[in-house]
Amino acid sequence: MEILTNYIDGQQASPLGGAYIDVFEPATGQVYAQAPRSQADDVEAAYQAARRAFPAWSQMPAAQRSDIMLRVAALIDNHLDELAAAESRDNGKPVGLARRMDIPRGAANFSYYATAALHIHDEAFGLPGQALSYTTHKPLGVVGCISPWNLPLYLFTWKIAPALAAGCTVVAKPSEITPYTAWRLGQLCAEAGLPPGVLNIVHGLGPEVGQAIVEHPGIKAISFTGGSATGRVLAQTAAPMLKKLSLELGGKNPALVFADADFHAAVEGVVRSSFTNQGQICLCSSRLYIERPIYDQFRDALVAQVDALKVGDPNDLSSNLGAVVSQAHFDKILSYIQLAQHEGANVLCGGQALQIPGRCANGWFVAPTLLEGLPIGCRTNQEEIFGPVVSLQPFDNEEEALALANGVDYGLSATVWTDNLRRAHRMAQALEAGLVWVNTWLLRDLRTPFGGMKQSGIGREGGTEAIRFFTEPKTICISE
Ligand code: TXE
């Protein structure tokens, strides 16, 4: 069994307390590795290393920082197959998906922000005859990055790369449920020549090591992605310390399908947006609103396509869905399916756990599930299930579609399927979501701001937003 280590000051380090957490392979339900169960003393060691590394890293010429980060990106790319297999084993996602999406995006996060580092610049504001003001953007210092289990390397690097590009040094914690590729990232960073202490990775449980990072008085800001309930706990800790926070939280995202949409593109798009990664992406659609004239036809086409999805061994390239991430999450999803039936749902397809014969017989598999007949106010339509469970409902006009789409506390993303350009603009303007896709889904341009409205978070990541988060402007005014 593999024993993972922390990565502190450029070294592989065992947890000081000597305790470990079991790491499961969701497809088999078996323990295959152990990760450190670190505590506050490990965080302190990581912080001290990051603090020592900060002056040299923040003052290193941007081109040199950029080169090192590009080497990390190249190493992730060079290890594509190995990392994809590891991500799939750790998370349960189909290996093909990890190869197409997770690992390339991990590399892209590093290469994108490696080049962004070259474009951070000061601004000048002249008051002719009076003064010249200029604004510099100073890296904050040591920052904390805390990420979830659904897109492990993808989201971990999405936080770390901009922090490093901005000149910060980092104490990072991946999810305890999926620590493996974060462990490998530490090794690849050492191989790429990242100076010791610039990135420190501390494994462990959220309320222990995560909390210690958030509470640490020397850690200047926290970039977090995870559940809304956890986000609130973080905010309670950080607010009295006046600590800067970026929170990417849950979603309950609507997809609106109008009768004028390209029917086949919309069916395919909705299947993808609902069930990719077993529905465990914060951007997945979980509420489908379909214009009444096409409702029956659309529902039947959807059921046929969803029935044809193959749920199976994540190692099998023909599997469309793999296992969900953990026993606890499996139980949560199944309890929501039961709740939905209690609330009066008609189960159109799925609705139960699946047993996959062979090596995956004890894995955590859930059939992709379509529900109909639920009102907007019920818990199934209000709460984040974060699994392959989607609820359908017809609507009669734009006004009703908007009321349904906006009728939840979340506001992360929304998808609109229509061939009417004016309607697309009207809907996009009125939807309460940080990101609206029209006739596509998950097409991400790393330059664009990313984040949610309402209970889906605070702040934005991506592009210059993340660089802004990890830096602090300083204005200097000089009299002429
Ligand atoms: O996430 P947590 P969990 C949602 C989804 C899921 C639910 C719970 O609905 O079912 O949240 O998942 C760390 N201080 N999403 O419990 O706990 C934790 O160790 C500091 C949506 O797995 O939010 C992990 O590294 N850190 C979401 C990270 O926070 C703490 C993705 C996220 O875990 C902490 C994941 C604390 N007190 C879950 N407690 C999305 N929308 O992307 C936990 N952590």
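For the structure itself, look to the data block above.
Per chain, residues are indexed from 1 in the order of the written sequence. With the structure being a predicted model, the display of local features is reserved for residues of pLDDT at least 70 and the display and counting of side-chain atom pairs for 80 or more, all residues being used for whole-chain, interface and lining totals. For the side-chain quantities, the full set of heavy atoms in the structure was used; hydrogens and water were omitted.

## What to know about unusual backbone geometry
Piece 1. Within the chain, L242 stands out as a residue other than glycine whose phi angle is a positive 55 degrees.
Piece 2. The numbering of helices and of strands both runs from the N terminus, where a helix is a DSSP run of H or I of at least 4 residues and a strand a run of E of at least 2. Inspection of the secondary structure puts L242 in the loop between α8 (228-238) and β12 (244-248).
Piece 3. Owing to a relative accessible area of 77%, L242 belongs among the exposed residues under this scheme.
Piece 4. A positive phi is found at K454, a non-glycine position, where the angle reads about 50 degrees. Note on exposure labels: buried denotes an accessible area under 20% of the residue type's maximum, exposed denotes more than 50%, and partly exposed covers the range between, all computed with a 1.4 Å probe on protein chains only.

## Topic: the site of the ligand
Piece 1. In this text, near means that some heavy atom of the residue lies within 4 Å of the molecule or strand in question. Inspection of the region around the ligand gives 28 residues, with S147, W149, E176, T230 and K332 positioned closest.
Piece 2. Contacts to the ligand include K332, whose side-chain N or O atom sits 2.5 Å from an oxygen atom.
Piece 3. Considering the ligand on its own, with 810 Å² of exposed area, one finds that the protein chains cover 86% of that surface.
Piece 4. A total of five residues in the shell around the ligand trace back to one element, the largest contributor, which is helix α7 (residues 206-215).
Piece 5. Ten residues, namely Ala, Val, Leu, Ile, Met, Phe, Trp, Tyr, Cys and Pro, are considered nonpolar, four, namely Asp, Glu, Lys and Arg, are considered charged, and the remaining ones, Gly among them, are considered polar. Across the shell around the ligand, the residue classes tally to 12 nonpolar, 12 polar and four charged. Pairs of N or O atoms are called polar contacts if they sit within 3.5 Å, as long as, within protein, a hydrogen donor faces a hydrogen acceptor (for residues adjacent in sequence, only side-chain-to-side-chain pairs). The method behind every accessible area is Shrake-Rupley, applied with a 1.4 Å probe, and residues are considered shielded solely by the protein chains displayed.

## Here we look at the nonpolar core
Piece 1. The term nonpolar core refers to a set of buried residues drawn from Ala, Val, Leu, Ile, Met, Phe, Trp, Tyr and Cys, joined through side-chain atoms within 4.5 Å. Counting residues in each nonpolar core, the largest one holds 69 residues, and the members touching the most others are I76, F110, I160, L185 and L283.
Piece 2. Leaving out residues up to four positions away in the same chain, L185 has contacts with V72, I76, F110, L153, F156, T157, I160 and L199.
Piece 3. Among the nonpolar cores identified, the runner-up in size contains 30 residues, and F263, F298, V306 and L309 belong to it. Only heavy atoms matter for contacts: two residues are in contact if any of them lie within 4.5 Å across the pair.

## Focus on the environment of C282
Piece 1. Assignment of secondary structure puts C282 in the loop between α9 (263-275) and β14 (285-291).
Piece 2. Measuring from C-alpha to C-alpha, the distance between C282 and G251 comes to 5.5 Å, with 31 residues separating the pair along the chain.
Piece 3. Filtering out sequence-adjacent residues up to four positions away, C282 remains in contact with N150, L249, G251, N253, F386 and L412.

## Points about the side chain of T178
Piece 1. Looking at the secondary structure, you find T178 in the loop between β9 (169-173) and α6 (180-192).
Piece 2. On the basis of relative accessibility, which here comes to 2%, the residue T178 falls in the buried class.
Piece 3. If we skip the residues at most four places from it in the chain, T178 touches D90, N91, P148, W149, P152 and V325.

## Brief notes about the sheet that holds strand β1 (residues 2-3)
Strand pairs in the sheet, formed through backbone hydrogen bonds, run parallel or antiparallel to each other.
Piece 1. If DSSP finds at least two bridges between two strands, the strands pair. The strand order across the open sheet formed by three strands is β1-β5-β4, and the pairing between neighbours is mixed. Because the sheet does not close on itself, it has two edges, and the strands there are β1 and β4 (20-25).
Piece 2. Of the pairings in the sheet, the one linking β1 to strand β5 (residues 30-36) comprises two bridges and is parallel in character. Pairing of E2 across the sheet is with A33, part of β5.

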